[in-house]
Amino acid sequence: MQVSNTIDCNGLSPAPTLLRIMQALVGRDDCGAPLNVLVGSDCNCDRLAASLGPLAGDVQLSHNIRQFASIN
């Protein structure tokens, strides 16, 4: 089974976005690649990353899904 490395949180408010990220990180094997999270253009990525605390390094936030293709 292939596990997706990208989740779409576009259109969600900050609290559900944070919850979906945390759920995706639970039990995730350390594959060396960050979890890609697509967020809306109105998302404050710095604030969301701060809310993730030490897990922020395991997450790549972006407003543009094409950015993930160039990262991974």
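Here the structure is a predicted model, which means the values were calculated and not measured. (Residues numbered from 1 in each chain as written. Predicted model: local features only at pLDDT ≥ 70, side-chain atom pairs only at ≥ 80, totals over all residues. Heavy atoms only, no water.)

**Q** For this particular structure, what's the right way to read the side chain of S62?
**A** Tracing the chain through its elements places S62 in strand β3 (residues 59-62). Of the polar contacts made by the side chain of S62, one reaches the backbone oxygen of N64; its length is 3.0 Å. (Helix = DSSP H or I, 4+ residues; strand = E, 2+ residues; numbered from the N terminus. Polar contact = N/O pair within 3.5 Å; in protein donor to acceptor, adjacent residues only side chain to side chain.)

**Q** Explain helix α2 (residues 45-52) here, please?
**A** Three or more residues of α2 are buried, namely C45, L48 and L52. The arc that holds every buried residue of α2, seen down its axis, measures 65°, which confines them to one face. The outward face of α2, more than 90 degrees from its buried face, is lined by the exposed residues D46, R47 and A50. Those residues of α2 that are buried are in contact with α1 (14-25) and β3. Capping the start of α2, N44 holds a side-chain oxygen 3.3 Å from the backbone nitrogen of D46, two or three residues further along. (Buried < 20%, exposed > 50% of the residue type's maximum accessible area, 1.4 Å probe, protein only. Arc of directions from axis to C-beta. Contact = heavy atoms within 4.5 Å.)

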